[in-house]
Amino acid sequence: MAMGRGKRGNEQDGKIRGWSLSLAWGDQPDSVAPYVPSPIPIVREMLDLAKAGPGDILYDLGCGDGRILFTAVEEYNVDEAVGYDLNSLMVKALKQKIKEKGLTDRIKVFKGNFFDVDLTPATLVTLYLTTSGNAKLRPKFERELNEGARVVSHDFPIQGWFTSKPDGDFYSFGSHKVYLYIVPMAYKKNASVMRSKGEEDRWSRVRRLFRSLDRT
Ligand SMILES: C[S@@+](CC[C@H](N)C(=O)[O-])C[C@H]1O[C@@H](n2cnc3c(N)ncnc32)[C@H](O)[C@@H]1O
C-alpha cells in the first residue's frame, strides 16, 4: 500500500512541502489523510481483530468509498455503521450505493469533519489516517469513547497508547499493520486492575462527571 510505506511518504513530504501536500489531499484544511482505500482482506482482519458483530455501532472516521461500513454491516452484522468524510463527491456516491443496497437504516454517512462529531455512541472506531491524524484524535477518544470501545487502526499507531496485543505493538498482514486498542486500558495502564463491580461503577461515574464538565 502506497500511503505510509517506507518513508511514511505523505507525512514526511508534508513537512518538506506543506502547501503542496494540502493540495494533494484535496485542498481541505481539516484533512489529516489522503484517500487511499484499505484492501478488503485488511478490512476483514481489522474487523476480526476487533471482534466486530451484533451490538456494535461502528464509526469509520474518513470512510472513503464506504468499504469498511459495508463489510461491517453485510458480513459482520454490526447494528449500525456510521461514516464521515470531507470528500463531498465520495459521500454523494456512497449515499446512492447505500440506497441501492437498501441499507439506509443500517449505514449512515455524512459529509463533514470527524473532529466535530460526537463519538460517544461508538463501540468500535476504525481508522486509516496518519500518525499525526491519530494523535490529534487521541484526546477526543479519551474524552468521548466509553469503556469497552475498541479502536482499530490500519498502518498507523496512536502514539502514547498501549495496544491490546500482549506480545508486541501491532498485527502484521503482509506489508500492512493493524493496531488494536481497547478503552480505557489503552491509556490507563492500571485500568485492567479494576476488578470489583464497585470499582467499575466508580470509574463510570468519574468518566460521566468529566464528560459533563467538558460540556459546560
Ligand atoms: C486513507 S482514506 C481511508 C478510507 C477508508 N476508511 C478505508 O480504510 O478504506 C482516509 C479518508 O479520510 C478522509 N479524511 C481525512 N481527514 C478527514 C477529516 N478531518 N474529516 C473527515 N474525513 C477526513 C479523507 O478524505 C479520506 O477519504
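Described below are features of the structure shown in this document.

The rules behind the values
- Residues numbered from 1 in each chain as written.
- Predicted model: local features only at pLDDT ≥ 70, side-chain atom pairs only at ≥ 80, totals over all residues.
- Helix = DSSP H or I, 4+ residues; strand = E, 2+ residues; numbered from the N terminus.
- Expected span 1.5 Å × (residues − 1).
- Buried ≥ 20, exposed ≤ 12 C-beta atoms within 10 Å, placed from the backbone.
- Arc of directions from axis to C-beta.
- Core = buried A, V, L, I, M, F, W, Y, C linked by C-beta atoms within 7 Å.
- Contact = placed C-beta atoms within 7 Å.
- Near = placed C-beta within 6 Å.
- Nonpolar A, V, L, I, M, F, W, Y, C, P; charged D, E, K, R; others polar.
- Pairing = 2+ DSSP bridges.
- Axes fitted to C-alpha atoms, helices over the stretch in contact; angles between N-to-C directions.

Focus on helix H5 (residues 88–100)
With 13 residues, H5 should cover 18 Å at 1.5 Å per step; its first-to-last C-alpha distance of 18 Å lies within 8% of that length. Among the residues making up H5, those that are buried are Val91, Leu94 and Ile98. The buried residues of H5 all sit within an arc of 60 degrees when viewed along its axis, so they share a single face. In H5, those exposed residues whose orientation departs by more than 90 degrees from the buried face are Leu89, Lys92, Gln96, Lys99 and Glu100.

Digging into the nonpolar core
Grouped together as the largest cluster of nonpolar side chains are 49 residues, with contacts concentrated most on Ala52, Leu58, Leu69, Ala72, Ala81, Val125 and Val151. If one sorts the elements of this core by residue count, helix H4 (residues 67–74) sits on top with 5 residues. Not counting chain neighbours up to four residues away, the residues in contact with Ala72 comprise Leu47, Ala52, Leu58, Val78 and Ala81.

A closer look at the site of the ligand
Around the ligand sit 24 residues in total, of which Tyr35, Ser38, Gly62, Gly64 and Tyr128 are the nearest. Breaking the shell around the ligand down by element, the ones donating at least two residues are H4 and strand S2 (80–85). Residues belonging to the shell around the ligand are distributed by class as follows: 13 nonpolar, 7 polar and 4 charged.

Focus on the sheet that holds strand S6 (residues 171–173)
As summarised here, the arrangement of the 7 strands in space is S3-S2-S1-S4-S5-S7-S6, forming an open sheet in which the pairing is mixed. Two strands close off the open sheet at either side, each with one partner strand: strand S3 (107–111) and S6. When the angles between neighbouring strand axes are averaged without regard to direction, this sheet yields 20 degrees. Here 4 bridges tie strand S4 (residues 124–127) to strand S5 (residues 150–154), and the two strands are oriented parallel to one another.

Notes on the environment of Thr131
The residue Thr131 is located in helix H6 (residues 131–144) in this model. Residue Thr131 is classed as partly exposed on the basis of its C-beta count, with 16 C-beta atoms lying within 10 Å. Separated by 22 residues in the primary sequence, Thr131 and Ser153 place their C-alpha atoms 9.8 Å from one another.

Topic: helix H3 (residues 40–49)
Taken residue by residue, H3 has Ile42, Val43, Met46 and Leu47 as its buried positions. For H3, the buried positions fall inside an angular range of 135 degrees around the axis, keeping them on one side. Looking at the buried residues of H3, the elements they touch are H4, S4, S5, S6 and strand S7 (176–182). In the stretch just after H3, Lys51 is the one whose phi turns positive, near 55 degrees.

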